Each structure stands twice: as structure tokens, then as C-alpha cells.
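Survey of secondary and tertiary structure
Read off the chains here:
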Amino acid sequence: MNTDVERLLEEETEPIETPEETTISEGEGGCCDYIYLYKMPHLTRAQLNGLDKYKYSAIDTSPLSKYIMHPFWNWLVQFFPMWLAPNVITCIGYVCLVIDYSLLAHYDWDFTANNTDQSGIPRWVWFVVAVLHAASHHLDGVDGKQARRTGSGSPLGELMDHGIDSNCMWMLPVTLMSVLGSDSSNSGIAMQYAPLLLLSLTFNFWISHWEKYNTGVLYLPWMFDIAQTTVVGLFLLTGILTPAGLKAACAQYIAPMNTLFYIFIPLGFLGSLLLSVYNVYKSVQAGTHKQTTFLGMMRPWVSYILMNLLLCSYTVFSEDAYLAHPRVWTIAYGFSFSSLVCRLMVNQMCSTDCDLIDPIIPPLGLAWFLGVVVGIEPTIVITVYSVFSMGSFFHLSYTVVNDICDHLNICCFLITRKRR
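To keep things clear, this report deals only with the structure shown in the data block. (Residues numbered from 1 in each chain as written. Predicted model: local features only at pLDDT ≥ 70, side-chain atom pairs only at ≥ 80, totals over all residues. Heavy atoms only, no water.)

A tally of regular secondary structure across the protein chain gives 14 helices and 2 strands. Within the protein chain, buried positions represent 55% of all 420 residues. Relative to all contacts within the protein chain whose residues are 6 or more apart in sequence, the contacts with residues 24 or more apart total 86%. Just so you have it, the protein chain exposes about 18900 Å², and 66% of that area is on carbon and sulfur atoms. (Helix = DSSP H or I, 4+ residues; strand = E, 2+ residues; numbered from the N terminus. Buried < 20%, exposed > 50% of the residue type's maximum accessible area, 1.4 Å probe, protein only. Contact = heavy atoms within 4.5 Å. Areas by Shrake-Rupley, 256 points an atom, 1.4 Å probe, with all protein chains shown as cover.)

Overall, the coordinates contain 2 salt bridges when judged by the stated rule. The shortest N-O distance in the salt bridge between Lys212 and Glu158 comes to 2.3 Å. Of this pair, Lys212 sits in helix α7 (residues 194-215) while Glu158 sits in helix α6 (residues 155-180); the two residues are 54 residues apart in sequence, bridging distant segments of the chain. Taken as a pair, Lys212 and Glu158 share a single burial class, namely buried. Between Asp358 and Arg343 there is a salt bridge, and its shortest N-O distance comes to 3.0 Å. In this pair, Asp358 is assigned in the loop between α12 (326-350) and α13 (361-374) and Arg343 in helix α12, connecting sequence segments 15 residues apart. The same class applies to Asp358 and to Arg343, which are both buried. (Salt bridge = Lys/Arg side-chain N within 4 Å of Asp/Glu carboxyl O.)

With that settled, the discussion passes to the environment of Arg123. Its place among the elements puts Arg123 in helix α5 (residues 123-150). With 112 residues separating them in the primary sequence, Arg123 and Phe235 have C-alpha atoms 9.9 Å apart. Not counting the four nearest positions on each side in its chain, Arg123 is found in contact with Gly239, Ile240, Leu241 and Thr242.

This part is about the nonpolar core. If you look at the biggest cluster of nonpolar residues, it comprises 101 residues, and the most contacted ones within it are Trp206 and Trp329. A per-element tally of this core places α12 first, with 15 residues. Once residues within four sequence positions are removed from consideration, Trp329 is found in contact with Pro195, Leu198, Leu311, Cys312, Tyr314, Thr315, Tyr322 and Ile382. Listed in part, the 9 residues of the second largest apolar core include Met69, Val77, Phe80 and Leu84. (Core = buried A, V, L, I, M, F, W, Y, C linked by side-chain atoms within 4.5 Å.)

What characterises a pair of aromatic rings is the spacing of the ring centres plus the angle enclosed by the ring planes. As enumerated under the stated definition, the model contains 22 aromatic pairs in all. Ring geometry for Phe393 against Phe394: centres 5.2 Å apart, planes inclined by 70°, an arrangement best described as edge-to-face. The class for Phe394 is partly exposed, based on a relative accessible area of 36%. Pairwise contacts between aromatic rings join Phe203, Trp206, Trp210, Phe269, Trp301 and Tyr304 into one cluster. When the ring centre of Tyr101 is taken as origin, the NZ or CZ atom of Arg327, which lies over that ring, is 5.3 Å away. (Phe/Tyr/Trp six-rings, centres within 6.5 Å; stacked < 30°, edge-to-face > 60°. Lys NZ or Arg CZ within 6 Å of the ring centre and 35° of its normal.)

Judged by side-chain polarity, Phe127, Leu236, Leu237, Ile240 and Leu241 come together as a nonpolar surface patch covering roughly 410 Å² of accessible area. The leading source of residues in the nonpolar patch is helix α8 (residues 222-253), at 4 residues. By the element assignment, Phe127 lies in helix α5. Phe127 gets classed as partly exposed once you look at its relative accessible area, which sits at 34%. (Patch = residues over 30% accessible without salt bridge, like charges linked within 9 Å, V, L, I, M, F, W, Y side chains within 5 Å.)

Let us now look at the packing of α12 against helix α14 (residues 378-408). For the pair α12 and α14, the least separation of the axes is 8 Å and the interaxial angle reads 30°. As judged from the angle between their axes, α12 and α14 are roughly parallel. You can see that α12 and α14 cross each other, and the crossing is left-handed. Where α12 approaches α14, its residues Val328, Trp329, Ile331, Ala332, Phe335, Ser336, Ser338, Ser339, Cys342, Arg343 and Val346 are matched on the opposing element by Ile382, Thr383, Tyr385, Ser386, Ser389, Met390, Ser392, Phe393, Phe394, Leu396 and Val400. Tallied by class, residues from the contact of α12 with α14 come to 14 nonpolar, 7 polar and 1 charged. (Axes fitted to C-alpha atoms, helices over the stretch in contact; angles between N-to-C directions. Parallel < 35°, antiparallel > 145°, perpendicular 65-115°, else oblique. Left-handed = near helix turned anticlockwise from the far one by under 90°. Nonpolar A, V, L, I, M, F, W, Y, C, P; charged D, E, K, R; others polar.)

Dropping the structure here:
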């Protein structure tokens, strides 16, 4: 392994606080009493025991990250107080992301606000979402630096960080749809093809965690920081030029914006797939792979493929309902994806096998059956399922966070002192 990779591994490896090293804040519980309303264990004893042996390992070889982002974050983290818990920074970044998404959803619920030269989205919105998106991205980069700076790194911090990233990866393409609009004759992306945009960008994130499930190392995708920075730039340009002006300038000097997406998205999809497969192959050849059989390595693909088949086929079999309320479908897809990938993260961190059929698949299959086969109004079915998938994701997050806090004897949003 070369020197650069060794340095990156050392920089990105977070120390883990074991129950013996970490103390409680107040009272007798490991997690502060006011943080949870009730207990409902989610992780098994085998998973919690596996968590004790976990060590975070990541490699980030992106030139943008290496030479610009990480130096900037190393400078920025110095302004954060030492008492501020990294998970608080993570959650503030998530709030910025949710406000960003909600603003655009308010003004452009059905992705038609920019289909004409007179945009239905006020100019100030683009500047606000640009600032919020940039803040979310940089807070996401700083939280790990703060964890190492304060000596408070733990598996919980990694899970919260990457769990919120899983939300970001589906919200990002949805916000892009508001820039482009849905009129394909005006450089927009027709809603019939929007699922491909969502699928291709979330795939980059999912396959990097499938790769980690097999290798034990998270090879951070180059596209993450590039995509985040590009989106912030697009928001700013949209505010300056207006959506119509941005599309016209892009078509005049480069190519129609939708054409660029149709070209680069498949290339990104294919590049991520080939690179991840190659890294897993190298791990197998070196004997450092985590899964002992080919079927074990491919196990996560079953639920991932089923989820995409069910949700994407809904847009075909229930096209009218999907076109009438496309954003509802994106919410259903997004939270289903986040639940799926977060369970994959937990199994990787705990060195346990993931479920062949993820718990999100049966209710999704039922919704598909009721809407497509039985013929219940598809709009009602997908709306109910989108609410269910959102609740399922936050319940999963809540219970897993409580389980890890109790097991490691730490508080989620406070930095606790070590027992003497």
C-alpha cells in the first residue's frame, strides 16, 4: 500500500469508544434520559458484540477532497467549540438539507415551475438553497474532524453521518429536477425518465457501501463532493441568470442541460459499478474480504434489485398517478433507499450478514400489489406507503441510535468525560 493511501487511512480512521473507556453523563444510563421516549431494542446481541470489534476505515482519493475540501474542513473545524458534539453538527447539517428540500417542494411540488420562461420559483429561493446546501455539505465534512479533535469518535457517529448522507443522495437529484423542470423540449427531464436520474445517483452511494460490506473499507466515491459542489454552483447560477437564462446559456455554449445529464449519468453509473467490483476483486485476491462465499457477497443485491423493480415498475403500470404526483413517488423511493442502505451499514459495522429480504420489501410489495394488481387508487397507495417509508426510516434510526448509546454507554448529543 503506497504512502498516500496509508496517510488517508490514518486520517479517516476514527477511534472507537468502548463501554469500558466511555462514561455516562449523568444518572445511571449510558444514554441521557431525556433523549429517548421509550425503549424498543432493534439490534441483536450478536450485532452489538460485533460492534465492539469494529474499526472505521475509509480511503478518499478524490483530488477535490484531498487538495481542497479536507484542508478547508481542517481550517473550519478550529472555529467549533470543543464541547460541541459531532452528532449535533451532523444533525444541523441535516436540518439545512431538509429546509433546502422543503423550500423547493413548496414552490415546485410537481416539477413544472420552470417549464416556462417565467419561473414560479422566486430568485431569492435559489440563493437560500445554495447557502443551505453548501452549509449542509461542509457540516457533513466537519463532523468527522470534530470527532477526532475531541476524541469522541464512535460507530454511532459514523452511522449517523452516513445515514444522513443516504438522505442527501436522493434529495440531491430531486432538487436538480426543480432546476431543469419537466419539459424535455425546454432542456428539462421528462418525468418518465426522472426515476433513472434518481436511481443512478443513489446507486453510486449504495454500491460504495456494498463494497465496504465485502472489503471492510469505505472507498469514498469521487462523485459525492463533485456532485455537491456542482449543485451549489447550479443553484447560484440559477439565481443569477434565472432558470431560463441558465438553460439558454448552457445550450448555447455547451449543450442542452438535459443532454448533459443523459450522457454523464450513465457514465457515472457504469464507472461506479466497475470500480467497486474491481476493489472487491482486489480484496478477494488479497484475502482481506469479509464474505467467504460469492452468494454471501451478492446477498445485499437481492433486496436492492427488488426495491428498484417494484418502485420503478410502479411508474410504468400506474403512469398517470405517478405523473400527477411525482414528488410523492420520490419520497417513497428516497426513504425506502435510506432504510435499505442504513441496515446494510449496520450489518457491515457489526460483521453480520444482511437479510436476504430487507424488512422494507414486504410492505413495499404489498403496496405494489394493491395499487397495480388489485386496482386500488394508485395515488392513495403510494401516498400511504411514502408516509410509512418515512416513519419506518426514522423509527429505524431512533431505535438503532438508542441501542448503540446504551451498549457503548454514551450520550448521542453530548461529549462525555472518560471514567478515571
